[in-house]
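Analysis of the macromolecular model
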Amino acid sequence: MGLDRPPFQYSQRPNLTVGSICKDDPHIAGSPCRSIDKADSQFLFLNRSKGTFASVAMMAFVLIVFSSITILNCETAPESNIKTASDALWWSFVTITTVGYGDFYPTTTLGRIIAVVLMTAGVGLFCTFTAYVASLFLQEEEKGQEKREDQILAELKSIRERLDRIEINTKK
């Protein structure tokens with residue numbers, strides 16, 4: 001089995017990106033794929049608060065899924081009340097939001113450790129989410145402030161122009 005080109009070596013491509021792969025491939029060259037790496041990095045993180053929200057949402061999703069899987073595997077004792085995947089998913093969601101209804105709870109030591117980690121992470125994630133919502137309100141206020149500042153600057157420019165004309169007329 002022969003190769004059409006030499007095997008890939010890392011030293012040949014130290015800065016490998018999706019865009020650079022697409023650019024060098026004759027079948028894809030000139031397609032929108034060339035700017036994928038730049039577009040992807042700017043899409044969510046163009047605005048820091050949107051990037052934060054996306055990160056928090058993804059972390060919450062990953063925490064819920066993995067803690068559900070982990071708690072289901074840990075709670076195998078007969079007295080455990082988390083028996084199904086839906087029970088584990090419900091427990092994880094209720095725990096990460098720090099609601100804690102008490103209908104499902106871990107009975108093993110490892111399960112309780114997972115619960116502590118999930119509760120602590122949940123507090124941090126929801127604090128970050130709250131900060132994101134607050135930043136949305138502040139952004140709207142800042143936009144209004146910028147408009148007012150622009151109006152004041154336009155007025156000041158107009159006043160300065162009038163004063164300059166008055167000074168020119170009084171010197172004559």
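Scroll up a little and you will see the structure.
Presented here is a report on the structure given in the accompanying data block. (Residues numbered from 1 in each chain as written. Predicted model: local features only at pLDDT ≥ 70, side-chain atom pairs only at ≥ 80, totals over all residues. Heavy atoms only, no water.)

Tallied over the entire structure, the rule returns one aromatic pair. Between Trp90 and Tyr101, the aromatic rings sit 5.9 Å apart at their centres with planes inclined by 5°, giving stacked as the arrangement. Taken as a pair, Trp90 in helix H4 (residues 85-96) and Tyr101 in the loop between H4 and helix H5 (109-171) lie far apart in primary sequence, eleven residues in all. (Phe/Tyr/Trp six-rings, centres within 6.5 Å; stacked < 30°, edge-to-face > 60°. Helix = DSSP H or I, 4+ residues; strand = E, 2+ residues; numbered from the N terminus.)

For the rest of this paragraph, the subject is H4. With twelve residues, H4 should cover 16 Å at 1.5 Å per step; its first-to-last C-alpha distance of 16 Å lies within 8% of that length. Among the residues making up H4, those that are buried are Asp87, Ala88, Trp91, Ser92, Val94, Thr95 and Ile96. At the C-terminal side of H4, Thr98 shows a positive phi close to 60°. (Expected span 1.5 Å × (residues − 1). Buried < 20%, exposed > 50% of the residue type's maximum accessible area, 1.4 Å probe, protein only.)

It is worth spelling out a nonpolar patch on the surface at this point. A cluster of nonpolar side chains, namely Ile152, Leu153, Leu156, Ile159, Leu163 and Ile166, defines an oily patch on the protein surface of about 570 Å² accessible area. Within the secondary structure layout, Ile166 lies in helix H5. Taking relative accessible area as the criterion, Ile166 reaches 49% and is therefore assigned partly exposed. (Patch = residues over 30% accessible without salt bridge, like charges linked within 9 Å, V, L, I, M, F, W, Y side chains within 5 Å. Areas by Shrake-Rupley, 256 points an atom, 1.4 Å probe, with all protein chains shown as cover. Salt bridge = Lys/Arg side-chain N within 4 Å of Asp/Glu carboxyl O.)

As a further point, take a negative patch on the surface. Together, Glu141, Glu142, Glu146, Glu149 and Asp150 make up a region of like negative charge exposed at the surface. Within the element layout of this structure, Glu142 appears in helix H5. (Lys, Arg positive; Asp, Glu negative; His and termini not counted. Charge placed at Lys NZ, Arg CZ, Asp CG, Glu CD.)

Looking now at the packing of H4 against H5. Where H4 meets H5, the closest approach of the two axes is 8 Å, and the angle between their N-to-C directions is 50°. Judged by the angle between their axes, H4 and H5 are oblique. Seen from H4, the contacting residues are Trp91, Ser92, Thr95 and Ile96; seen from H5, they are Ile114, Ala115, Leu118, Met119, Gly122, Leu125 and Phe126. The residue makeup of the contact of H4 with H5, split by class, is eight nonpolar, three polar and no charged. (Axes fitted to C-alpha atoms, helices over the stretch in contact; angles between N-to-C directions. Parallel < 35°, antiparallel > 145°, perpendicular 65-115°, else oblique. Contact = heavy atoms within 4.5 Å. Nonpolar A, V, L, I, M, F, W, Y, C, P; charged D, E, K, R; others polar.)

Taking 1.5 Å per residue as the helical rise, H5 with its 63 residues ought to reach 93 Å, and the 90 Å between its terminal C-alpha atoms agrees with that figure. For H5, the full list of buried residues reads Gly111, Ile114, Ala115, Leu118, Gly122, Leu125, Tyr132 and Ser135.

For the rest of this paragraph, the subject is the side chain of Ser80. Its location among the elements puts Ser80 in the loop between helix H3 (48-74) and H4. Owing to a relative accessible area of 3%, Ser80 belongs among the buried residues under this scheme. Side-chain polar atoms of Ser80 contact the backbone nitrogen of Ile82, separated by 3.3 Å. Other than its neighbours up to four places away in sequence, Ser80 contacts Glu75 and Thr107. (Polar contact = N/O pair within 3.5 Å; in protein donor to acceptor, adjacent residues only side chain to side chain.)

Attention now moves to the nonpolar core. Inside soluble globular proteins, nonpolar side chains tend to come together where they are buried. Residues Ile71, Ile82, Trp91, Ile96, Ile114 and Leu125 are the most contacted members of the largest nonpolar core, which totals 13 residues. At the level of elements, H3, H4 and H5 are the ones that each hand at least two residues to this core. Broken down by element, this core gets its largest block of residues, five residues, from H3. Here Leu125 is in contact with Val56, Met59, Ala60, Leu63 and Ile96, once residues within four sequence places are set aside. (Core = buried A, V, L, I, M, F, W, Y, C linked by side-chain atoms within 4.5 Å.)

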